[in-house]
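# Inside the fold
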Amino acid sequence: MDGIDRKILMQLQENAKQNTKEIAGKVGLSVTPTYERIKKLEQGEVIRAYVALLDRAKIGKKLIAYCQVTLTKQQKKLADNFKREVLLLPDIMECHQVSGNFDYLLKIAVDDIAGFHEFINERLSIINGIATIHTSFVLDSVKDSTAYNL
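In this text the structure is predicted, and so the values were computed from the model without any measurement.

### Quick look at helix 2 (residues 20-27)
Buried within helix 2 are the following residues: I23, A24 and V27. For helix 2, the angular spread of the buried residues around the axis is 100 degrees, confining them to a single face. Facing away from the buried side of helix 2, by more than 90 degrees, are the exposed residues K21, G25 and K26. Packing partners of the buried residues in helix 2 comprise helix 1 (3-14) and helix 3 (31-43). Where helix 2 starts, the residue carrying a side-chain oxygen 3.0 Å from the main-chain nitrogen of K21 turns out to be N19. Positive backbone phi, approximately 80 degrees, marks G28, located one or two places after helix 2.

### Remarks on the layout of surface pockets
Looking at the largest pocket, its volume works out to about 1,700 Å³. Mapped by element, the contributors of at least two residues to the lining of the largest pocket are helix 1, strand 1 (63-71), strand 2 (92-97) and strand 3 (104-110). In terms of residue count, helix 1 provides more of the lining of the largest pocket than any other element does, 4 residues in total. In terms of residue class, the lining of the largest pocket is made up of 22 nonpolar, 5 polar and 10 charged. Lining the lining of the largest pocket are residues from two domains, each supplying at least three of them: domain 1 (3-43) and domain 2 (63-137).

About the thresholds
Residues numbered from 1 in each chain as written. Predicted model: local features only at pLDDT ≥ 70, side-chain atom pairs only at ≥ 80, totals over all residues. Heavy atoms only, no water. Buried < 20%, exposed > 50% of the residue type's maximum accessible area, 1.4 Å probe, protein only. Helix = DSSP H or I, 4+ residues; strand = E, 2+ residues; numbered from the N terminus. Arc of directions from axis to C-beta. Contact = heavy atoms within 4.5 Å. Polar contact = N/O pair within 3.5 Å; in protein donor to acceptor, adjacent residues only side chain to side chain. 1 Å grid on protein atoms, 1.4 Å probe; cavity = no way out; pocket = protein on both sides within 12 Å on 5 of 7 lines; lining within 4 Å. Points joined across faces, edges and corners; volume = space filled by probe spheres on them. Nonpolar A, V, L, I, M, F, W, Y, C, P; charged D, E, K, R; others polar. Domains from an automatic or database assignment.

Here it is in structure tokens:
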């Protein structure tokens, strides 16, 4: 991947609806080489998907919570089960296994505090092997980006 590929990727991260001609003009190439580079980036799975970024408030997902989850034991069976169960819960936007004082960090998007309460009590806390769940709620988002700095 060279500097031109990085410029193309930055353009696509900014607005994936741009056509190839628009991107080509911004990165200093003609249309055909730009198209070929984009296809190569797609085939190499550097570009995994094209998605729409939604305004969460306008779709009713007004509450974001980060949950720090600790498992009862450091066992592969428990970890594998936890990961399988998390994949089945669409309110979990992100799940990261981390180092430190807890095992997993979850980002959860729900409508409101009642929805979060239901999520915790009826979906997350029933997963076998969870010892503790500590939660922090987002009060204000200072920066919320999906674009990588290339």
